[in-house]
Number of protein chains: 2
Amino acid sequence: MVEIAVMGYGTVGSGVVEVLTTHNSSITKRTNEQIHIKYILDLREFPDSPLAERFTKSFEDIIQDPEIKIVVEVMGGLHPAYDYVKRCLEDGKSVVTSNKELVAAKGAELLRIAQENNVNFLFEASVGGGIPIIRPMSQCLAANDVIEVAGILNGTTNFILTKMIREGMSFEDALALAQKLGYAERNPAADIEGHDSCRKICILASIAYGKHVYPEQVHTEGITRITLADVEYAESWGGVIKLIGQVSRQEDGRLQILVCPMFIPRDSQLANVDDVFNGIMVRGDATGDVVFYGKGAGKLPTASAVVADVIDCAKHLNARKYLYWEEGGKEYVADYLDRETAMYVRLKGEQPEALFKQAEELFGQVSRLLRKGAEEGELAFVTPVQPERQIIERLGLLEKQGAQLLNTVRISDF
Amino acid sequence: MVEIAVMGYGTVGSGVVEVLTTHNSSITKRTNEQIHIKYILDLREFPDSPLAERFTKSFEDIIQDPEIKIVVEVMGGLHPAYDYVKRCLEDGKSVVTSNKELVAAKGAELLRIAQENNVNFLFEASVGGGIPIIRPMSQCLAANDVIEVAGILNGTTNFILTKMIREGMSFEDALALAQKLGYAERNPAADIEGHDSCRKICILASIAYGKHVYPEQVHTEGITRITLADVEYAESWGGVIKLIGQVSRQEDGRLQILVCPMFIPRDSQLANVDDVFNGIMVRGDATGDVVFYGKGAGKLPTASAVVADVIDCAKHLNARKYLYWEEGGKEYVADYLDRETAMYVRLKGEQPEALFKQAEELFGQVSRLLRKGAEEGELAFVTPVQPERQIIERLGLLEKQGAQLLNTVRISDF
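One numbering rule holds for all chains: residues counted from 1, following each sequence as written. As they are written, the chains are lettered A onward and the ligands numbered 1 onward, keeping that order. The predicted origin of the model limits local features to residues at a pLDDT of at least 70 and limits the giving and counting of side-chain atom pairs to 80 or more, whereas totals for whole chains, interfaces and linings rest on all residues. Computation of side-chain values covers all heavy atoms of the structure but excludes hydrogens and water.

Caption draft 1: View of the overall build of chain A. The helix and strand labels rest on DSSP assignments: H or I over at least four residues marks a helix, E over at least two residues marks a strand, and numbering proceeds from the N terminus. What chain A contains, in helices and strands, is 14 helices and 18 strands. A compact globule built from 414 residues would reach a C-alpha radius of gyration of about 22 Å, and chain A, at 23 Å, matches this within 12%. Projected onto its principal axes, the C-alpha coordinates of chain A cover approximately 75 × 45 × 35 Å. In chain A, buried positions account for 58% of the 414 residues. All accessibility values rest on the Shrake-Rupley procedure with a 1.4 Å probe; residue burial counts only the protein chains present in the view. Counting every atom, chain A has about 16200 Å² of accessible surface; 46% of that belongs to carbon and sulfur. This radius of gyration counts C-alpha atoms alone. The globule rule is 2.2 Å times how many residues there are, raised to the power 0.38. Buried means the residue's accessible area, taken with a 1.4 Å probe over protein chains only, is under 20% of the maximum for its type, while exposed means over 50%, and partly exposed covers the values in between.

Put into structure tokens, the structure is as follows:
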């Protein structure tokens, strides 16, 4: 019998309890051990729950109980999750979490503490919900140098973009629908501003390259500026707009990492990842492109990933999994303005034809894009690949010629 | 330092040596151990290889060397691979293999011997080449009941079908091209007759449901009967033809498992898996659909999966991974004729309109399919879902009415 505690009884926490209960016999068979929930930590009361007597409001009950070997942290947020997790690890308890904010901010430190105390700190559910990605990346792809990771990491924004692309819905209407369906929170900033994707690409980058990338090091743009005009231009270009988290390593060892909407060609494996689904592409030097696809969120998918980690901990109570990365550093992430990219540009001006000629002079070959129902004076084109800094300078020159810049979107290279 | 031996220096074996050599420093970092190739077993000689002095023609050198802790079996075929692997495991050496024929035929027995000797028997590379699938299924999805697994498991046939679909190439021409490009063997039977896919779905079924399924228990059809007419009808139906391995569990606990071409709707995540790529969909009760996509074969992808297993063995020299399934049994697989399916039917007759009416009378609602350039007397339709046995009986009645049955293809339910 392995005694565990679950901290947080929200959507994921109640899902974890449900999965552990409904799959009890198959899990016991796989683990050769019974997993027993001894405590559930939540400040609220659940008198009608069949597990009512296992609820506690005090973390001390958990930390001071030597029988507890594994603690599941599904409270979310940095505080008090960080302190609780740290104390558990220091006390020799393994921790499983779905908390991407915690892992993205404190992963290296918590992994080091876990190592020092010979326990495990696992977080498969923190990226991609029920899609196995953390373990495949750290184990199966261990014999590869990772060239690039790029993914659609947030289901809410992907749902909104899918509605805009497929049904011509406006951003505002699509967001309202996502909120109505429970996909987006009342305060949707973490999703639509890209912060959630940013945390996830930080975690993937840290695993792929062995060194922590902190969210504040990542240039992050959300989807709030994307309009139906951009969606239509993407279609005329031959693709779709997706919110992408991407990381690759430069020759000097520093990372290029960013989160932003991108134009994705229609034949990319990520172009067909629609609705609330996530898709993550890992490009290895030996294995080539591998894509993982599935529901990136939701109660049961996320809970099943948490429970799989709990099973793994229960099987390895006295052995360390080799998930590990070092602390990062200030110089580790390169300036995103030095990154080379092609760029979609939408602008308007009184003399769009003259502006197009000037764009051609500034950028060399540019591909003009057209759409039905374009507004008067509207001009859209795609620049050749060049450092982003240079694109911005050149667009500044166009603005001096009377162009009013409406939007820019990077073109993906996958 | 962990000493290993590599048995077989063909495509995969030389790839394993290459990956271990080129990624030596990153692997050492991940493993905290140096992995050293002490022997390479091959009957041929490689005097120009930098590792020439490590080659041996005698298995006895390997089995009798107590320093060898991990043996890589990449010879392929059942004999002598089976005897060698068995002896290694019995001798307390962990074994990593890419040999799907071996795992599909002897997996349960070899896993039991590995367990009895407290060593590991790993075979990530046996399915999906470089795509992580064995480990995610056995670990990450451990908290799920698997409802269904369906996959495009063979790159050669997928390449041939893609050429037929995209370029209207005949089966024979596409096969010749695949051979020219090195995707298909001179004797392509194992691929085009479905045997390779059959071995792989057996392995996935054994993992998913914990009990061995043997290839001879699986109804297997290849793609040799697929014509361009079928490809065109699939398109008019709204999809594509793919060679699918599929398994699900019936309510009585027995498995429905088969390998055959299927009509896949265009919006299925497997419909866009083209060329030599593989795609595997795992439907879990908690996690929903998860899809794994990548190159299912090739020297370096397969080798990198083998090396990842070697790393895992090196990290777990004294700990067992919990990959395991029981021996199967005769009654474990249900008769495929009892499986319910919709069926595409192509036939011809002197009076196709009369035959269509009779088909409607026999089957109830049938959907007629049309194509440009149909031959005289040709008729194609899709039946409603019903047990396959019943479809065959009814088609028999149509044949008695003068229909000449040209082909049938099952319709997928994913």
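Caption draft 2: Structural context of the sheet that holds strand E3 (residues 55-56) of chain A. Residues and elements named next belong to chain A. An order of E3-E2-E1-E4-E5-E6 is seen for the six strands of this open sheet, with the pairing classed as parallel. Every other strand in the sheet has two partners, leaving E3 and strand E6 (121-122) as the edge strands with one partner each. For two strands to pair, DSSP has to find at least two bridges joining them. Pairing of strand E1 (residues 2-7) with strand E2 (residues 35-41), which is carried by six bridges, proceeds in the parallel orientation. Paired with Ile-4 across the strands is Ile-37, a residue of E2. Together, E1 and E2 form the strand contacts of helix H1 (residues 11-22), whose direction differs from that of E2 by roughly 160 degrees. Should any heavy atoms of two residues lie within 4.5 Å, those residues are considered in contact. Lines fitted to C-alpha atoms define the axes here, with helix axes fitted over just the stretch in contact, and angles between the N-to-C directions of these axes take values from 0 to 180 degrees.

Caption draft 3: Broad picture of unusual backbone geometry. Residue and element names in this part refer to chain A. Omega for the peptide link from His-79 to Pro-80 comes to 5 degrees, which places this bond in the cis form. Secondary-structure assignment places Pro-80 in the loop between strand E4 (68-73) and helix H4 (81-90). You will see that Asp-275, though not glycine, has its phi angle at about 55 degrees, which is positive. Tracing the backbone shows Asp-275 in the loop between strand E10 (255-265) and strand E11 (277-284). Judged by its relative accessible area of 29%, Asp-275 falls in the partly exposed class.

Caption draft 4: Highlighting the packing of aromatic side chains. Only the six-membered ring of Trp is used, alongside the rings of Phe and Tyr, when aromatic pairs are assigned; centres must lie within 6.5 Å, and planes under 30 degrees apart are stacked while those over 60 apart are edge-to-face, with the rest tilted. Within this structure, the stated rule accounts for 25 aromatic pairs over all chains. An angle of 70 degrees between the planes, with centres 4.8 Å apart, marks the rings of Tyr-9 of chain B and Phe-46 of chain B as edge-to-face. Within this pair, whereas Tyr-9 of chain B is found in the loop between strand E1 (2-7) and helix H1 (11-22), its partner Phe-46 of chain B is found in the loop between strand E2 (35-41) and strand E3 (55-56), the two being separated by 37 residues in sequence. Consider the rings of Tyr-233 of chain B and Tyr-344 of chain B, whose centres lie 6.1 Å apart with planes at 45 degrees: the pair is tilted. Placement of the pair is Tyr-233 of chain B in helix H11 (residues 228-237) and Tyr-344 of chain B in strand E13 (residues 340-348), with a sequence separation of 111 residues. Like Tyr-344 of chain B, Tyr-233 of chain B is buried. A network of ring pairs unites the aromatic residues Tyr-233, Trp-237, Phe-263 and Tyr-344 of chain A as a single cluster. Taking the ring centre of Tyr-332 of chain A as reference, the NZ or CZ of Lys-211 of chain A above it sits at 4.8 Å. Working rule: Lys NZ or Arg CZ, within 6 Å of ring centre, within 35 degrees of ring normal, means a charge sits over the ring.

Caption draft 5: Region of interest: the sheet that holds strand E6 (residues 121-122) of chain B. Residues and elements named next belong to chain B. Pairing is parallel in the open sheet, where six strands are placed in the order E3-E2-E1-E4-E5-E6. The open sheet is flanked by E3 and E6, the only strands paired with a single partner. Looking at chain direction, strand E5 (residues 94-97) and E6 are connected through two bridges and run parallel. Paired with Val-95 across the strands is Phe-121, a residue of E6. Against the sheet, H1 makes contact with E1 and E2, and its axis sits at roughly 160 degrees relative to E2, the strand it touches most.

Caption draft 6: Structural context of the pairing of strand E9 (residues 239-249) of chain A. Residues and elements named next belong to chain A. Judged by how many residues are buried, E9 sits mostly within the fold: nine of eleven residues are covered. As defined by bridge partners, strand E7 (residues 146-152) adjoins E9 across four bridges and the pair is classed as antiparallel. Within the sheet, the bridge partner assigned to Glu-148 lies in E9 and is Ser-248. As judged from the eleven bridges shared by E9 and E10, these two strands associate in the antiparallel manner. For Gly-245, the partnering residue across the bridge sits in E10 and is Val-259. A loop of five residues connects E9 with E10, the two strands running antiparallel in sequence, and Gly-253 in this loop sits at a positive phi of about 90 degrees.

Caption draft 7: Structural detail: the interface of chain A and chain B. Counting residues at the interface gives 43 residues for chain A and 43 residues for chain B. Summed over both sides, the interface between chain A and chain B buries roughly 3900 Å², with carbon and sulfur atoms accounting for 54% of that surface. Computed with a 1.4 Å rolling probe, the buried area is the accessible surface lost when two parts are put together, summed over both parts. Counting the surface chain A buries against chain B, the share from its top three residues, Arg-30, Tyr-293 and Tyr-322 of chain A, is 16%. One speaks of a salt bridge when a side-chain nitrogen belonging to Lys or Arg is within 4 Å of a carboxyl oxygen belonging to Asp or Glu. Connecting chain A to chain B are two salt bridges. For Glu-326 of chain B, the salt bridge is made with Lys-29 of chain A, and the minimal N-O distance between the two is 4.0 Å. The definition of a polar contact used here is a pair of N or O atoms within 3.5 Å, where within protein one atom must be able to donate a hydrogen and the other to accept one, and adjacent residues in sequence count solely through side-chain atom pairs. Put simply, chain A and chain B have 14 residue pairs in polar contact (both at pLDDT 80 or more) between them. Elements with a contribution of two residues or more to the side of chain A that touches chain B: helix H2 (24-31), helix H6 (134-138), strand E12 (288-295) and helix H12 (299-315) of chain A. For the side of chain A that touches chain B, the leading source of residues is H12 of chain A, giving eight residues.

Caption draft 8: View of the environment of His-219 of chain A. With respect to the helices and strands, His-219 of chain A occurs in strand E8 (residues 219-220). Only 2.7 Å separates the side chain of His-219 of chain A from the side chain of Glu-221 of chain A, close enough to count as a polar contact.

Caption draft 9: Region of the structure containing the pattern of salt bridges. Counted according to the given criterion, the structure contains 60 salt bridges over all chains. When the shortest N-O distance is used, the salt bridge between Glu-378 of chain B and Arg-371 of chain B registers 2.8 Å. Judged on exposure class, the residue Glu-378 of chain B and its partner Arg-371 of chain B are both buried. Within this structure, Glu-124, Arg-135, Asp-309 and Asp-312 of chain A form a network of salt bridges that share partners.

Caption draft 10: Geometry of the packing of H2 of chain A against H12 of chain A. All names here are of chain A. Two numbers describe how H2 lies on H12: the axes approach to 10 Å, and their chain directions differ by 35 degrees. The handedness of the crossing between H2 and H12 comes out as right-handed. Contacts from Ile-27, Arg-30 and Thr-31 in H2 reach Val-307, Ile-311, Ala-314 and Lys-315 in H12. Residue type decides the class: Asp, Glu, Lys and Arg count as charged, Ala, Val, Leu, Ile, Met, Phe, Trp, Tyr, Cys and Pro as nonpolar, and the leftover types, Gly among them, as polar. Classifying every residue of the contact of H2 with H12 gives four nonpolar, one polar and two charged. A crossing counts as left-handed when the near helix is turned anticlockwise from the far one by less than a right angle, and as right-handed when that turn is clockwise.

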